[in-house]
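If you want the building blocks of each chain, they are given just below.
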Amino acid sequence: MMFVSFLIISTIVALLLFVYIKIKAYVMIGVMLFLYLISVFAIIRGGCTDPGIIPRKEFTIGIDTFRTKRDFNLISNGALVGVTYCPTCNIYRPPRASHCSVCDNCCLRFDHHCIWLGTCVGKRNYKYFYLLVTSLNINLIIAFIYDLYIIIESAKDKEEKKIQFRVLTITILSGVSFVDLMVFIFFLGRLQVLHNKLVLQNYTFYEDFKKKLKNPWKIHPFYKNVWQHIYRLLLEFTPKSLLNANYKKDPNKKNREIIVSQKFTFE
Ligand SMILES: [Zn+2]
Ligand SMILES: [Zn+2]
């Protein structure tokens, strides 16, 4: 799906560039290419970075055959946070982690499984997902305003010999602008508003969706302050992957061993 996202974005940008080159709108070409490259970077980094997979622990016959693991609670900010056992991965999920049914792995600070990136969005790649949505939205808004301006200007132009080019320009730009507007209103714009809210409040999409935290908007177990939430999203270094080389090489997912002791944080 990473390739499909790349293809859709590239097609729209190529159509616009075709018109912008014809009308010699060099500043727009620069802006469009710059934002396009940011989106491509975000797709590649977001799709190829380990989202925060927690390695599985091998089952030990006799100890792990029957479910003996009990879920328990921890306290953070005065609120109870559940630590649950994952019977598929044979680990205790740290707070905010969840099991993704598509990838069949537990993922740290699980946000959602993104079909456009073809992977989970979690603790290690959320910033690239956010960068992708933001760069696409900025691109959509700038292109839409500029395209409207060109359509209005072209419609005013009465010069006879330019008529064919004018029709072509107006047709392409109207089509792309309409698609832009629909995508923005029904998908990307909404996504941006939702994730801006989630970032400011330090909630994942999954937590927001499930409303599984007690008093979600009052006692927030992971709340620090707005600046720290923004800092963590934009400037914090990506934490080290928990996957070791053996894990990545093992195609049968048999010899997955947890390489860290299970320390629970509230990040
Ligand atoms: Zn799991
Ligand atoms: Zn997933």
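This text follows the structure it describes.
Residues numbered from 1 in each chain as written. Chains lettered and ligands numbered in written order. Predicted model: local features only at pLDDT ≥ 70, side-chain atom pairs only at ≥ 80, totals over all residues. Heavy atoms only, no water.

A. Region of the structure containing the coordination of the zinc ion (ligand 1). Taken together, Cys 86 (SG), Cys 89 (SG), His 99 (ND1) and Cys 106 (SG) make up the full set of protein donors to the zinc ion (ligand 1), lying 2.0 to 2.3 Å away. One can describe the site at the zinc ion (ligand 1) as tetrahedral: its four donor atoms subtend angles covering 105 to 113 degrees at the metal. The sequence motif formed by the donor residues of the zinc ion (ligand 1) is C-x2-C-x9-H-x6-C. Of this pair, Cys 89 sits in the loop between strand E4 (85–86) and strand E5 (91–92) while Cys 106 is found in strand E7 (residues 105–107), placing the two residues 17 residues apart along the sequence. Exposure class is identical for Cys 89 and Cys 106. Each is buried. (Donors = N, O, S within 2.8 Å, 3.2 Å for Na, K, Ca; no water. Tetrahedral: all angles 85-135°; square planar, octahedral: opposite > 155°, others 65-115°. Helix = DSSP H or I, 4+ residues; strand = E, 2+ residues; numbered from the N terminus. Buried < 20%, exposed > 50% of the residue type's maximum accessible area, 1.4 Å probe, protein only.)

B. Focus on the nonpolar core. Among the nonpolar cores identified, the biggest contains 35 residues, and Leu 16, Tyr 20, Met 32, Leu 117, Tyr 126, Phe 129 and Leu 173 are the most heavily contacted of them. Of all elements in the fold, only helix H1 (2–22), helix H2 (26–48), helix H3 (126–156) and helix H4 (163–201) reach the threshold of two or more residues within this core. The leading source of residues in this core is H3, at 11 residues. Built from parts of two domains, this core gets at least three residues from each of domain 1 (1–49 + 125–173) and domain 2 (53–118 + 202–267). If near-sequence neighbours (up to four positions away) are discounted, Tyr 20 is found in contact with Ala 25, Met 28, Ile 29, Met 32, Ala 143, Tyr 146, Asp 147 and Leu 173. Cys 86, Cys 106, Leu 108 and Leu 242 belong to the second-largest nonpolar core, a separate cluster that totals eight residues. (Core = buried A, V, L, I, M, F, W, Y, C linked by side-chain atoms within 4.5 Å. Domains from an automatic or database assignment. Contact = heavy atoms within 4.5 Å.)

C. Just the coordination of the zinc ion (ligand 2), in detail. Looking at the zinc ion (ligand 2), the protein donor atoms are Cys 100 (SG), Cys 103 (SG), His 113 (ND1) and Cys 120 (SG), and they sit 2.0 to 2.3 Å from it. Here the donor residues of the zinc ion (ligand 2) are spaced in sequence according to C-x2-C-x9-H-x6-C. Here Cys 100 is found in strand E6 (residues 98–100), whereas its partner His 113 is found in strand E8 (residues 112–114), with 13 residues between them in sequence. Assessed through its relative accessible area of 3%, Cys 100 is described here as buried.

D. Just H1, in detail. The first and last C-alpha atoms of H1 sit 30 Å apart over 21 residues, in line with the 30 Å expected at 1.5 Å per residue. Every buried residue of H1 is listed here: Ser 5, Ile 9, Ser 10, Val 13, Leu 16, Leu 17, Val 19 and Tyr 20. For H1, the elements touching its buried residues are H2, H3 and H4. Looking one or two residues past H1, Lys 24 carries a phi angle of roughly 55 degrees, positive in sign. (Expected span 1.5 Å × (residues − 1).)

E. Molecular detail of the pattern of salt bridges. Under the counting rule described, the total for this entry stands at four salt bridges. For Glu 207, the salt bridge is made with Arg 96, and the minimal N-O distance between the two is 2.8 Å. Here Glu 207 is found in helix H5 (residues 205–210), whereas its partner Arg 96 is found in the loop between E5 and E6, with 111 residues between them in sequence. Taken individually, Glu 207 and Arg 96 each receive the classification buried, so the pair is uniform in this respect. (Salt bridge = Lys/Arg side-chain N within 4 Å of Asp/Glu carboxyl O.)

F. Seen up close, the sheet that holds strand E1 (residues 53–54). The strand order E1-E7-E6 describes an open sheet built from three strands, whose pairing is antiparallel. Edge positions in the open sheet fall to E1 and E6, since each of these has one partner strand only. Taken together, the two bridges between E1 and E7 define a ladder with antiparallel strand orientation. By the bridge assignment for E7, Ile 53 is matched with Cys 107. (Pairing = 2+ DSSP bridges.)

G. Region of the structure containing the environment of Ile 141. Locating Ile 141 in the fold gives a position in helix H3. You can call Ile 141 partly exposed: its relative accessible area is 41%. In this structure the C-alpha to C-alpha distance between Ile 141 and Phe 184, which are 43 residues apart in sequence, comes to 8.4 Å.

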